[in-house]
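One-letter residues, chain by chain:
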Amino acid sequence: MVQAVISGNYAQAYAAKLARTQVVAAYPITPQTTIIEKIAEFVASGQMDAQYVKVESEHSAMAACISASALGARTYTASSSQGLLLMHELLHWASGARAPIVMGIANRSVAPPLSIWTDHKDTISQRDTGWIQMYAESGQEVIDSVLVAFRVAEHEDVLLPAMVAEDAFYLTHTYEPVDIPTQDQVDRFLPPRKPSSGFRPGLANRYGTFIGPELHMEFQRKVAEGMERVPRVFREAEEEYERITGRNHGGPMPTYRTEDADAVLVTMGTAATTARSVVDVLRKHGKKVGLAKIRVFRPWPVPEVRALGADVDRIGVLDRSFTFGASGAAHTEFAAAMYGSPHRPLVRDFVAGLGGRDLTPPMFTQMFESLLSSEKEEVSWVGLKRRPEVTVRG
Amino acid sequence: MRSYETLEDLPEAPLATVLSDIIQTGSWRTFRPVVRKEACTKCYVCWKFCPDVAIAIDGDGYPTVKLDACKGCGICAEECKPKAIDMVPEE
C-alpha cells in the first residue's frame, strides 16, 4: 500500500489504472477533465496498457465504450453534468447491452443558469437508466469504490454498468491522503474479464437488434434481475476487498451514532463529513442525533433504509438536487421504502447545497433542530436567500 | 436459428446471431434508382454515399442497386456527378 496525497479525480484515474482498464473513450468536461488527462498521461508514458479512444463528444465516448465492453474489454470513462446528459440515450444502451462499463462522475449542476459547482442533478437525472450508482465522501472512498464497482459490474450475475460519483471540487479537486492499493492487491481482487460469449473473431453477431412486443418486456426484466442481484454481489465484493486491503466503507448505507438517536439526517456525497462533525457537537449538548450516508443510490438500499426507519422516529433526508413537482429524489425513495414497513417515522426533505452552495455547520444544526421540533412532513429549502419580510408596526 | 419464447430462454443481452441484411426494407421504396451505364464513369460516389450499403459493383465494374435493401432515398442520384442515376417512380 502506498499513501499519496492526491485529488478525488486522481483517485479515479489511479483506480482505472490499477484495474488494468483496457479501453478508455472519453471527452473532457469541467470538473471531470483531470481524470481523463491523468489517464492519458498514464497511457502515453506506458504506465497503463490501454487503448485511449479520442472522440468528438460524450455521446460517441459512450458508444465506443459500449462496443469495447461488449467485446469483453474492461472499459472506463468519466463525465459530468451536460456531458453526462448528452450520454443519456447511450446510458440506456449500455445497461440494455449488459456492458459493465465503469464511469467516474464529477457531480456538477445542470444549466441553466450555467454552473460548474456541486449538485446531484446530473446523476439523479440518470437514475432510471439501469446503471448502478455510488456516491463517494472522500478520496479514499473514490479509489476503493471504483475498484469495487468494476468487480460488481462485471460479475456474471450482474453485468450492468456502474457510475461512481464525487462532488465537484469538494472532492474532485481536493487533495488528501489516500492509501493506493498495490498492483498485486488489485490483481488478486480483480482478475481479467472473461472473454465475451457473444462476440469472437470470425463470428458475425450484433447487439441492439429490433424486437417486437412479444419479448421486449422480458429483456427489461433481465436488466431488473441483474440489478436485484447487486446487493449480494456488492456485499461479497466489499468483504473480499476488506480481506485484501483491510478497508470496508460499511455497505450501501453506513450509519453514525444512530443507535439511540431521536433524529437522523440522511446524506449523499461529501455532505456527510460536515454533518458528522455537527452530530458530535450536538451529542455533546445532549441532543440525540445521528447520520446515515447513502453510498449506493441504485439499487436503492431498501433493507438498510427500513432498518433505520424502524429504530428512529424522525428522519431528515438531505437532497442536493430537486425533482420539480415532487420532492428531492432521495426523500421520495426513502419515504416510498418506509411505506411498505410497519414503522412510520416522520420523513422530511431538506433541499440544500444546490449549485455548489456551501453546506455549513450552522445549516446542519438548523436542520437537526428543525427535525427535532417539527412534526410537519414538508419540503424545506435550507439557506434560501429571501427578502426579509416587512413588518408593519401598529 | 434458436427461437425464444420466455424470459428463461433469453440470453443476458439482446444479441442477434443473424445479420441485418435478412431484413428486406426494399418494399418501403417509392422511387427506384436506375443506373444509365452509358453515362456512368465508375467513380463509385454512389456506392460510397449509400446509407444502406444497397449498392454493389457488378462484374463489369458498374454500380448495381440491391433492390431488396434500397429504400429509394435518392442520395445516390443526388450525389452522382455525371447524373447517371435516374429516380423512376415504382408502379
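Basis of the calculations
Residues numbered from 1 in each chain as written. Chains lettered and ligands numbered in written order. Predicted model: local features only at pLDDT ≥ 70, side-chain atom pairs only at ≥ 80, totals over all residues. Helix = DSSP H or I, 4+ residues; strand = E, 2+ residues; numbered from the N terminus. Rg over C-alpha atoms; globule rule 2.2 N^0.38 Å. Buried ≥ 20, exposed ≤ 12 C-beta atoms within 10 Å, placed from the backbone. Contact = placed C-beta atoms within 7 Å. Nonpolar A, V, L, I, M, F, W, Y, C, P; charged D, E, K, R; others polar. Pairing = 2+ DSSP bridges. Axes fitted to C-alpha atoms, helices over the stretch in contact; angles between N-to-C directions. Parallel < 35°, antiparallel > 145°, perpendicular 65-115°, else oblique. Left-handed = near helix turned anticlockwise from the far one by under 90°. Expected span 1.5 Å × (residues − 1). Arc of directions from axis to C-beta. Domains from an automatic or database assignment. Right-handed = clockwise from strand over helix to strand, strands pointing away. Core = buried A, V, L, I, M, F, W, Y, C linked by C-beta atoms within 7 Å.

Quick look at the overall build of chain A
A count of helical and extended segments in chain A gives 14 helices and 16 strands. Since a compact globule built from 394 residues should have a radius of gyration of about 21 Å, the 21 Å found for chain A is in line with a globular shape. Projected onto its principal axes, the C-alpha positions of chain A cover 85 × 55 × 45 Å. A total of 394 residues make up chain A; the buried ones form 51% of that total.

Structural notes on the overall build of chain B
The helix and strand tally for chain B stands at 2 helices and 5 strands. Counting from the amino terminus, chain B carries its helices and strands in the arrangement β-β-α-β-β-α-β. Computed over the C-alpha atoms, the radius of gyration of chain B is 17 Å, more than 25% above the 12 Å expected from 2.2 N^0.38 for a compact globule of 91 residues. With respect to the three principal axes, the spread of C-alpha positions in chain B is 55 × 30 × 20 Å. The buried share of chain B, reckoned over its 91 residues, is 18%. Contacts in chain B between residues at least 24 apart in sequence constitute 66% of all its contacts with a sequence separation of at least 6.

Brief notes about helix α1 (residues 8-18) of chain A
Given 3.6 residues to a turn, an α-helix orients residues that are three or four positions apart in the same direction. All names here are of chain A. For α1, the buried fraction is high: 11 of the 11 residues fall into the buried class. Within α1 the residues assigned to the buried category are Gly 8, Asn 9, Tyr 10, Ala 11, Gln 12, Ala 13, Tyr 14, Ala 15, Ala 16, Lys 17 and Leu 18. The first or second residue beyond α1 is Arg 20, which carries a positive phi of 55°.

Quick word on the interface of chain A and chain B
Taken together, the contact between chain A and chain B spans 17 residues of the former and 11 residues of the latter. In terms of residues, the side of chain A that touches chain B owes the most to one element, helix α9 (residues 216-228) of chain A, which gives 4 residues. Per-class residue counts for the side of chain A that touches chain B are 7 nonpolar, 5 polar and 5 charged.

Some points on the sheet that holds strand β11 (residues 263-268) of chain A
Residue and element names in this part refer to chain A. In space, the 6 strands of this open sheet follow the order β10-β12-β11-β14-β15-β16, with mixed pairing throughout. Edge positions in the open sheet fall to β10 (255-256) and β16 (379-381), since each of these has one partner strand only. Strand direction decides the pairing type here: strand β15 (residues 346-351) and β16, joined by 3 bridges, are parallel. Looking across to β16, one finds that Asp 349 is bridged to Val 379. Packed on one face of the sheet, helix α14 (residues 361-373) meets β11, β12 (289-294), β14 (314-319), β15 and β16 and runs near 135° to β11.

Describing the packing of α1 of chain A against helix α2 (residues 33-44) of chain A
All names here are of chain A. Packing of α1 against α2 leaves a shortest axis separation of 8 Å and a crossing angle of 40°. Here α1 lies oblique to α2, going by the angle between them. When the axes of α1 and α2 are compared, the crossing they make is right-handed. Residue-level contacts link Asn 9, Tyr 10, Gln 12, Ala 13, Ala 16 and Lys 17 of α1 to Thr 34, Ile 35, Lys 38, Ile 39 and Phe 42 of α2. Taken together, the residues that form the contact of α1 with α2 break down as 6 nonpolar, 3 polar and 2 charged.

A short note on the sheet that holds strand β3 (residues 51-54) of chain A
Residues and elements named next belong to chain A. With mixed pairing, the 7 strands of this open sheet are ordered in space as β3-β2-β4-β5-β7-β6-β13. Looking at strand neighbours, the two that pair on one side only are β3 and β13 (296-298), the edges of this open sheet. Sheet twist, expressed as the average angle between the axes of neighbouring strands with direction ignored, equals 20°. Helix α3 (residues 58-70) contacts β2 (23-26), β3 and β4 (75-79) of the sheet and is inclined by roughly 165° relative to β4. Contacts between helix α7 (residues 139-154) and the sheet are confined to β5 (102-107), β6 (132-135) and β7 (162-167), with β7 contributing the most and set at about 165° to the helix.

So, the environment of Thr 174 of chain A
Residue placement: Thr 174 of chain A occurs in the loop between β7 and β8 (175-180). Sequence spacing of Thr 174 of chain A and Ala 237 of chain A is 63 residues, and the spatial spacing of their C-alpha atoms is 27 Å.

A closer look at the environment of Arg 188 of chain A
All names here are of chain A. By the element assignment, Arg 188 lies in helix α8 (residues 183-189). Given 14 C-beta atoms within 10 Å, Arg 188 falls into the partly exposed group. Sequence-wise, Arg 188 and Ser 57 are 131 residues apart; in three dimensions their C-alpha atoms are separated by 35 Å.

Concerning helix α10 (residues 230-245) of chain A
Residue and element names in this part refer to chain A. Relative to the 22 Å expected for 16 residues at 1.5 Å per residue, α10 spans 21 Å between its end C-alpha atoms, a close match to the ideal helical length. Residues of α10 that are buried include every one of Val 230, Val 233, Phe 234, Ala 237, Glu 238 and Tyr 241, and no others. Considered in projection along α10, the buried side chains sweep an arc of 135° and stay on one side of the axis. Opposite the buried face of α10, by more than 90 degrees, sit the exposed residues Glu 239 and Arg 243.

Quick look at the domain arrangement of chain A
Residues and elements named next belong to chain A. Examined at the domain level, chain A breaks down into domain 1 (2-245) and domain 2 (255-381). Each partner contributes residues to the interface: domain 1 has 24 residues there, and domain 2 has 19 residues. When residues of the side of domain 1 that touches domain 2 are traced back to their parent elements, those giving at least two are α6 (121-124), β6 and α10. Top element by residues in the side of domain 1 that touches domain 2 is β6. It accounts for 4 residues.

Describing the pairing of β11 of chain A
Residues and elements named next belong to chain A. Of all the 6 residues making up β11, 6 are buried; the element is thus mostly covered by neighbouring parts of the structure. Side chains Ala 263, Leu 265 and Thr 267 project from β11 onto one buried face, and the interleaved Val 264, Val 266 and Met 268 project onto a second face that is buried too. Looking at chain direction, β11 and β12 are connected through 6 bridges and run parallel. Looking at β12, one finds that Val 264 is bridged to Gly 290. Assessed by its sense of winding, the connection that carries the chain from β11 through helix α11 (residues 271-284) to β12 is right-handed.

As for the nonpolar core
Within the largest apolar cluster, 122 residues are counted, with the highest numbers of intra-cluster contacts made by Leu 147, Ala 149, Val 152, Ala 162, Val 164 and Val 264 of chain A. Built from parts of two domains, this core gets at least three residues from each of domain 1 (2-245) and domain 2 (255-381) of chain A. Contacts of Leu 147 of chain A, omitting those with residues within four sequence positions, involve Ala 15, Leu 18, Ala 19, Val 186, Phe 189, Leu 190 and Tyr 241 of chain A. If you look at the next biggest cluster of nonpolar residues, it comprises 11 residues, including Val 35, Val 65, Cys 70 and Cys 80 of chain B.

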